[in-house]
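A closer look at the structure
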Amino acid sequence: MVKDTYESPLSARYASKEMKYIFSPDKKFRTWRKLWIALAESEKELGLPITQEQIDELKAHADDINYEVAQEREKIVRHDVMSHVYAYGVQCPNAKGIIHLGATSCYVGDNTDIIIMTEGLKLVRKKLVNVIDELSKFADKYKAQPTLAFTHFQPAQPTVGKRATLWLQELLMDLEDVEYQLSKAKLLGSKGTTGTQASFLELFDGDHEKCKMLDRKIAEKMGYKACFPVSGQTYSRKLDSQFLNVLAGIAQSAAKFSNDIRLLQHLKEVEEPFEKNQIGSSAMAYKRNPMRSERIGSLSRYV
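Since the model is a prediction, treat every value here as computed from it, not as a measurement.

Once that is clear, we can look at the packing of helix 11 (residues 238-266) against helix 12 (residues 291-302). It is the contact of helix 11 with helix 12, at a shortest axis distance of 8 Å, that shows an interaxial angle of 150 degrees. With respect to helix 12, the element helix 11 is oriented roughly antiparallel. For the element pair helix 11 and helix 12, the recorded crossing hand is left-handed. Touching Ala 251, Ala 254, Ala 255, Ser 258, Ile 261 and Arg 262 of helix 11 are Ser 293, Glu 294, Ile 296, Gly 297, Ser 300 and Arg 301, all from helix 12. Broken down by class, the residue content of the contact of helix 11 with helix 12 amounts to five nonpolar, four polar and three charged.

The following block contains the structure:
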(Lines give C-alpha, C1' and ligand atoms only; values in the text may rest on other atoms or scores of the structure.)
Protein backbone atom coordinates (compact mmCIF):
# COMPACT_ATOMS: atom_id res chain seq x y z
CA MET A 1 0.00 0.00 0.00
CA VAL A 2 1.58 3.25 -1.17
CA LYS A 3 1.06 6.11 1.31
CA ASP A 4 3.59 8.72 0.17
CA THR A 5 1.20 11.50 -0.95
CA TYR A 6 -1.24 13.70 0.94
CA GLU A 7 -4.78 12.43 1.45
CA SER A 8 -7.56 14.31 3.15
CA PRO A 9 -8.82 12.81 6.42
CA LEU A 10 -12.27 14.04 5.41
CA SER A 11 -12.14 11.50 2.60
CA ALA A 12 -9.87 8.79 3.98
CA ARG A 13 -11.47 8.54 7.46
CA TYR A 14 -14.90 10.15 7.49
CA ALA A 15 -16.62 10.20 4.10
CA SER A 16 -18.90 7.39 2.96
CA LYS A 17 -18.20 5.41 -0.19
CA GLU A 18 -21.30 6.94 -1.80
CA MET A 19 -20.28 10.52 -1.04
CA LYS A 20 -16.71 9.95 -2.23
CA TYR A 21 -18.06 8.74 -5.58
CA ILE A 22 -20.28 11.82 -5.97
CA PHE A 23 -17.18 14.03 -5.64
CA SER A 24 -14.90 11.74 -7.67
CA PRO A 25 -13.23 12.51 -11.02
CA ASP A 26 -15.27 9.74 -12.66
CA LYS A 27 -18.54 11.33 -11.55
CA LYS A 28 -17.35 14.78 -12.62
CA PHE A 29 -16.18 13.89 -16.11
CA ARG A 30 -19.00 11.44 -16.82
CA THR A 31 -21.38 14.26 -15.96
CA TRP A 32 -19.50 16.54 -18.37
CA ARG A 33 -20.10 13.98 -21.10
CA LYS A 34 -23.77 13.59 -20.18
CA LEU A 35 -24.09 17.36 -20.49
CA TRP A 36 -22.40 17.34 -23.90
CA ILE A 37 -24.78 14.60 -25.04
CA ALA A 38 -27.78 16.56 -23.70
CA LEU A 39 -26.54 19.66 -25.55
CA ALA A 40 -26.05 17.81 -28.83
CA GLU A 41 -29.43 16.08 -28.61
CA SER A 42 -31.18 19.37 -27.81
CA GLU A 43 -29.43 21.21 -30.64
CA LYS A 44 -30.38 18.41 -33.06
CA GLU A 45 -34.03 18.57 -31.91
CA LEU A 46 -33.99 22.33 -32.50
CA GLY A 47 -32.80 21.94 -36.08
CA LEU A 48 -29.00 22.11 -36.08
CA PRO A 49 -27.22 19.75 -38.52
CA ILE A 50 -26.31 17.05 -35.99
CA THR A 51 -26.94 13.40 -36.84
CA GLN A 52 -28.21 10.55 -34.69
CA GLU A 53 -25.05 8.63 -35.59
CA GLN A 54 -22.94 11.37 -33.99
CA ILE A 55 -25.05 11.28 -30.83
CA ASP A 56 -24.90 7.48 -30.69
CA GLU A 57 -21.11 7.70 -30.93
CA LEU A 58 -21.03 10.14 -28.02
CA LYS A 59 -23.26 7.86 -25.95
CA ALA A 60 -21.05 4.84 -26.67
CA HIS A 61 -18.14 6.57 -24.90
CA ALA A 62 -20.04 8.41 -22.17
CA ASP A 63 -18.40 6.52 -19.30
CA ASP A 64 -14.96 5.37 -20.47
CA ILE A 65 -12.98 8.55 -19.87
CA ASN A 66 -9.57 8.53 -21.57
CA TYR A 67 -7.80 10.48 -18.84
CA GLU A 68 -4.30 10.03 -20.24
CA VAL A 69 -5.24 11.73 -23.51
CA ALA A 70 -6.85 14.64 -21.67
CA GLN A 71 -3.86 15.05 -19.36
CA GLU A 72 -1.37 15.10 -22.25
CA ARG A 73 -3.52 17.57 -24.16
CA GLU A 74 -3.76 19.89 -21.17
CA LYS A 75 0.03 20.12 -21.03
CA ILE A 76 -0.18 21.71 -24.49
CA VAL A 77 -3.34 23.86 -24.38
CA ARG A 78 -3.43 24.62 -20.62
CA HIS A 79 -7.24 24.33 -20.55
CA ASP A 80 -9.02 21.54 -18.71
CA VAL A 81 -12.37 21.69 -20.52
CA MET A 82 -10.93 21.91 -24.03
CA SER A 83 -8.55 19.07 -23.17
CA HIS A 84 -11.53 16.87 -22.35
CA VAL A 85 -13.37 18.04 -25.48
CA TYR A 86 -10.32 16.92 -27.44
CA ALA A 87 -10.09 13.59 -25.60
CA TYR A 88 -13.78 12.89 -26.19
CA GLY A 89 -13.25 13.74 -29.86
CA VAL A 90 -10.41 11.23 -30.12
CA GLN A 91 -12.86 8.52 -29.04
CA CYS A 92 -15.67 9.95 -31.21
CA PRO A 93 -14.05 11.12 -34.45
CA ASN A 94 -17.35 11.49 -36.33
CA ALA A 95 -18.84 13.64 -33.58
CA LYS A 96 -15.81 15.71 -32.56
CA GLY A 97 -17.00 18.74 -34.52
CA ILE A 98 -20.25 19.05 -32.58
CA ILE A 99 -18.99 18.42 -29.04
CA HIS A 100 -19.49 21.53 -26.87
CA LEU A 101 -21.04 23.38 -29.83
CA GLY A 102 -21.76 26.99 -28.84
CA ALA A 103 -21.00 26.37 -25.17
CA THR A 104 -18.53 27.84 -22.68
CA SER A 105 -16.48 26.03 -20.07
CA CYS A 106 -19.06 26.91 -17.44
CA TYR A 107 -21.65 24.88 -19.32
CA VAL A 108 -19.98 21.70 -18.11
CA GLY A 109 -18.16 23.07 -15.07
CA ASP A 110 -20.98 24.97 -13.36
CA ASN A 111 -23.81 22.62 -14.29
CA THR A 112 -21.74 19.72 -12.95
CA ASP A 113 -21.02 21.56 -9.71
CA ILE A 114 -24.75 22.09 -9.20
CA ILE A 115 -25.49 18.45 -9.98
CA ILE A 116 -22.79 17.21 -7.58
CA MET A 117 -23.96 19.48 -4.75
CA THR A 118 -27.57 18.45 -5.32
CA GLU A 119 -26.78 14.73 -5.37
CA GLY A 120 -24.60 15.15 -2.29
CA LEU A 121 -27.47 16.85 -0.47
CA LYS A 122 -29.83 14.05 -1.52
CA LEU A 123 -27.45 11.56 0.10
CA VAL A 124 -27.33 13.74 3.24
CA ARG A 125 -31.15 13.72 3.25
CA LYS A 126 -31.20 9.92 3.10
CA LYS A 127 -28.79 9.63 6.03
CA LEU A 128 -30.60 12.35 7.98
CA VAL A 129 -33.92 10.50 7.60
CA ASN A 130 -32.24 7.31 8.87
CA VAL A 131 -30.88 9.14 11.93
CA ILE A 132 -34.31 10.66 12.64
CA ASP A 133 -35.91 7.21 12.37
CA GLU A 134 -33.42 5.60 14.78
CA LEU A 135 -33.58 8.48 17.23
CA SER A 136 -37.39 8.43 17.27
CA LYS A 137 -37.32 4.73 18.16
CA PHE A 138 -34.85 5.48 20.95
CA ALA A 139 -37.01 8.31 22.31
CA ASP A 140 -40.11 6.15 22.30
CA LYS A 141 -38.34 3.17 23.89
CA TYR A 142 -36.97 5.20 26.80
CA LYS A 143 -39.81 7.71 27.23
CA ALA A 144 -40.53 6.42 30.75
CA GLN A 145 -36.91 5.83 31.79
CA PRO A 146 -35.98 8.24 34.58
CA THR A 147 -32.55 9.79 34.72
CA LEU A 148 -31.60 13.20 36.01
CA ALA A 149 -31.75 16.04 33.50
CA PHE A 150 -30.09 19.42 33.90
CA THR A 151 -30.62 23.11 33.28
CA HIS A 152 -27.58 25.38 33.59
CA PHE A 153 -25.82 22.01 34.00
CA GLN A 154 -27.44 21.82 37.45
CA PRO A 155 -29.70 18.94 38.59
CA ALA A 156 -33.30 19.54 37.48
CA GLN A 157 -35.95 16.95 36.57
CA PRO A 158 -35.73 13.32 35.38
CA THR A 159 -36.10 12.37 31.71
CA VAL A 160 -34.41 10.36 28.93
CA GLY A 161 -36.86 10.17 26.04
CA LYS A 162 -37.66 13.88 26.34
CA ARG A 163 -34.03 14.81 25.88
CA ALA A 164 -33.88 12.70 22.71
CA THR A 165 -36.92 14.54 21.33
CA LEU A 166 -35.00 17.80 21.63
CA TRP A 167 -32.29 16.42 19.37
CA LEU A 168 -34.96 14.94 17.12
CA GLN A 169 -36.85 18.19 16.70
CA GLU A 170 -33.75 20.05 15.54
CA LEU A 171 -32.94 17.35 13.00
CA LEU A 172 -36.52 17.58 11.70
CA MET A 173 -36.04 21.34 11.28
CA ASP A 174 -32.89 20.57 9.28
CA LEU A 175 -34.78 18.07 7.14
CA GLU A 176 -37.31 20.78 6.28
CA ASP A 177 -34.45 23.00 5.10
CA VAL A 178 -32.94 20.17 3.05
CA GLU A 179 -36.29 19.47 1.39
CA TYR A 180 -36.79 23.15 0.62
CA GLN A 181 -33.32 23.51 -0.90
CA LEU A 182 -33.84 20.44 -3.07
CA SER A 183 -37.33 21.56 -4.11
CA LYS A 184 -35.93 24.62 -5.90
CA ALA A 185 -32.96 22.94 -7.59
CA LYS A 186 -32.13 24.49 -10.97
CA LEU A 187 -29.31 24.12 -13.48
CA LEU A 188 -27.29 26.95 -14.99
CA GLY A 189 -28.27 25.71 -18.45
CA SER A 190 -26.49 26.97 -21.56
CA LYS A 191 -26.15 30.72 -21.16
CA GLY A 192 -23.01 31.52 -23.15
CA THR A 193 -20.05 33.72 -22.22
CA THR A 194 -21.91 36.52 -20.40
CA GLY A 195 -25.30 34.91 -19.90
CA THR A 196 -26.86 36.37 -23.04
CA GLN A 197 -26.84 33.12 -25.09
CA ALA A 198 -25.35 35.15 -27.96
CA SER A 199 -23.45 32.15 -29.39
CA PHE A 200 -26.64 30.07 -29.47
CA LEU A 201 -28.62 32.95 -30.94
CA GLU A 202 -26.13 32.94 -33.82
CA LEU A 203 -26.39 29.16 -34.23
CA PHE A 204 -30.20 29.40 -34.33
CA ASP A 205 -30.21 32.31 -36.82
CA GLY A 206 -31.59 34.82 -34.33
CA ASP A 207 -34.42 32.63 -33.03
CA HIS A 208 -34.81 33.68 -29.39
CA GLU A 209 -37.43 31.05 -28.65
CA LYS A 210 -35.06 28.25 -29.63
CA CYS A 211 -32.46 29.62 -27.19
CA LYS A 212 -35.05 29.43 -24.41
CA MET A 213 -36.10 25.95 -25.49
CA LEU A 214 -32.46 24.82 -25.44
CA ASP A 215 -32.28 25.52 -21.70
CA ARG A 216 -35.56 23.74 -21.05
CA LYS A 217 -34.53 20.67 -23.02
CA ILE A 218 -31.13 20.39 -21.32
CA ALA A 219 -32.73 20.69 -17.87
CA GLU A 220 -35.24 17.97 -18.69
CA LYS A 221 -32.61 15.60 -20.08
CA MET A 222 -30.47 16.07 -16.95
CA GLY A 223 -33.42 15.42 -14.62
CA TYR A 224 -34.17 19.00 -13.54
CA LYS A 225 -37.36 21.01 -13.83
CA ALA A 226 -35.75 24.30 -14.86
CA CYS A 227 -32.65 26.41 -15.34
CA PHE A 228 -31.93 29.76 -13.70
CA PRO A 229 -33.70 32.36 -15.86
CA VAL A 230 -30.87 34.88 -15.50
CA SER A 231 -27.13 34.41 -15.05
CA GLY A 232 -23.75 35.67 -16.02
CA GLN A 233 -21.31 33.13 -17.38
CA THR A 234 -21.63 31.30 -14.04
CA TYR A 235 -24.56 30.47 -11.79
CA SER A 236 -24.96 32.77 -8.80
CA ARG A 237 -22.52 31.76 -6.08
CA LYS A 238 -25.27 32.59 -3.62
CA LEU A 239 -26.42 29.04 -4.34
CA ASP A 240 -23.19 27.74 -2.76
CA SER A 241 -23.85 29.70 0.43
CA GLN A 242 -27.44 28.40 0.54
CA PHE A 243 -26.22 24.80 0.37
CA LEU A 244 -23.60 25.55 3.02
CA ASN A 245 -26.21 27.15 5.28
CA VAL A 246 -28.28 23.96 5.16
CA LEU A 247 -25.22 21.84 5.97
CA ALA A 248 -24.23 24.24 8.76
CA GLY A 249 -27.70 23.82 10.29
CA ILE A 250 -27.27 20.05 10.34
CA ALA A 251 -23.82 20.50 11.84
CA GLN A 252 -25.25 22.70 14.61
CA SER A 253 -27.83 20.04 15.49
CA ALA A 254 -25.18 17.33 15.45
CA ALA A 255 -22.90 19.41 17.68
CA LYS A 256 -25.70 19.93 20.20
CA PHE A 257 -26.47 16.20 20.15
CA SER A 258 -22.84 15.18 20.61
CA ASN A 259 -22.06 17.77 23.29
CA ASP A 260 -25.01 16.61 25.39
CA ILE A 261 -23.78 13.03 25.16
CA ARG A 262 -20.25 14.04 26.17
CA LEU A 263 -21.55 15.86 29.26
CA LEU A 264 -23.88 13.01 30.21
CA GLN A 265 -21.12 10.43 29.72
CA HIS A 266 -18.97 12.38 32.15
CA LEU A 267 -21.81 11.97 34.66
CA LYS A 268 -22.28 8.27 33.75
CA GLU A 269 -25.90 8.95 32.85
CA VAL A 270 -25.63 8.10 29.15
CA GLU A 271 -22.72 6.36 27.44
CA GLU A 272 -21.67 5.70 23.91
CA PRO A 273 -21.24 2.04 22.92
CA PHE A 274 -17.85 0.66 23.92
CA GLU A 275 -16.77 -2.33 21.86
CA LYS A 276 -15.12 -5.46 23.23
CA ASN A 277 -11.61 -4.70 21.92
CA GLN A 278 -11.88 -0.91 21.94
CA ILE A 279 -9.06 1.02 23.68
CA GLY A 280 -10.10 4.13 25.54
CA SER A 281 -6.67 5.74 25.88
CA SER A 282 -3.11 4.88 24.93
CA ALA A 283 -2.06 5.50 28.53
CA MET A 284 -5.26 4.53 30.35
CA ALA A 285 -6.97 1.63 28.62
CA TYR A 286 -9.83 1.65 31.14
CA LYS A 287 -11.03 5.09 29.98
CA ARG A 288 -14.30 5.21 28.04
CA ASN A 289 -13.78 8.30 25.91
CA PRO A 290 -16.83 9.52 23.92
CA MET A 291 -14.83 9.38 20.71
CA ARG A 292 -17.83 9.28 18.36
CA SER A 293 -19.25 12.44 19.88
CA GLU A 294 -15.81 14.07 19.77
CA ARG A 295 -15.61 13.36 16.04
CA ILE A 296 -19.10 14.73 15.49
CA GLY A 297 -18.11 17.88 17.37
CA SER A 298 -14.91 18.47 15.45
CA LEU A 299 -16.48 17.82 12.05
CA SER A 300 -19.38 20.11 12.94
CA ARG A 301 -16.97 22.90 13.79
CA TYR A 302 -15.25 22.42 10.44
CA VAL A 303 -18.55 22.84 8.58
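The discussion continues.
Compared with the 42 Å implied by 1.5 Å per residue over 29 residues, the 42 Å span of helix 11 between its first and last C-alpha is a close match. After helix 11 finishes, the residue Lys 268 shows a positive phi value of roughly 65 degrees.

Attention shifts here to unusual backbone geometry. What you tend to see is this: most non-glycine residues have negative phi, and most peptide bonds are trans. Backbone geometry at Phe 153 places phi at a positive 60 degrees, although glycine is not the residue there. Tracing the backbone through its elements, the reader meets Phe 153 in the loop between strand 1 (148-151) and strand 2 (154-158). Accessibility expressed as a relative area gives 41% for Phe 153, which makes it partly exposed. The backbone of Lys 268 sits at a positive phi, close to 65 degrees, despite the residue not being glycine. Tracing the backbone through its elements, the reader meets Lys 268 in the loop between helix 11 and helix 12. Since its relative accessible area comes to 58%, Lys 268 is described here as exposed.

This part is about the packing of helix 5 (residues 67-77) against helix 6 (residues 80-91). Viewed as axis vectors pointing N to C, helix 5 and helix 6 meet at an angle of 135 degrees, and their least axial separation amounts to 8 Å. Classified by the interaxial angle, the pair formed by helix 5 and helix 6 is oblique. Crossing hand, helix 5 versus helix 6: right-handed. Two secondary-structure elements touch here, helix 5 through Tyr 67, Val 69, Ala 70, Arg 73, Glu 74 and Val 77 and helix 6 through Asp 80, Ser 83, His 84, Tyr 86, Ala 87 and Val 90. Classifying every residue of the contact of helix 5 with helix 6 gives seven nonpolar, two polar and three charged.

This paragraph deals with the pattern of salt bridges. For the structure shown, the criterion picks out 21 salt bridges. Between Arg 216 and Glu 209 there is a salt bridge, with its nearest N and O atoms 3.0 Å apart. Owing to a relative accessible area of 48%, Arg 216 belongs among the partly exposed residues under this scheme. Ionic pairing is found between Lys 268 and Glu 271, a salt bridge with its closest N-O pair at 3.5 Å.

Moving on: the environment of Asn 66. Looking at the element boundaries, Asn 66 is found in the loop between helix 4 (52-60) and helix 5. For Asn 66, a relative accessible area of 11% translates into the label buried. Separated by 73 residues in the primary sequence, Asn 66 and Ala 139 have C-alpha atoms spaced 52 Å apart. Asn 66 has contacts with Arg 33, Ala 87, Tyr 88, Val 90 and Gln 91, leaving out every residue within four places of it along the chain.

About the thresholds
Residues numbered from 1 in each chain as written. Predicted model: local features only at pLDDT ≥ 70, side-chain atom pairs only at ≥ 80, totals over all residues. Heavy atoms only, no water. Axes fitted to C-alpha atoms, helices over the stretch in contact; angles between N-to-C directions. Helix = DSSP H or I, 4+ residues; strand = E, 2+ residues; numbered from the N terminus. Parallel < 35°, antiparallel > 145°, perpendicular 65-115°, else oblique. Left-handed = near helix turned anticlockwise from the far one by under 90°. Contact = heavy atoms within 4.5 Å. Nonpolar A, V, L, I, M, F, W, Y, C, P; charged D, E, K, R; others polar. Expected span 1.5 Å × (residues − 1). Buried < 20%, exposed > 50% of the residue type's maximum accessible area, 1.4 Å probe, protein only. Salt bridge = Lys/Arg side-chain N within 4 Å of Asp/Glu carboxyl O.

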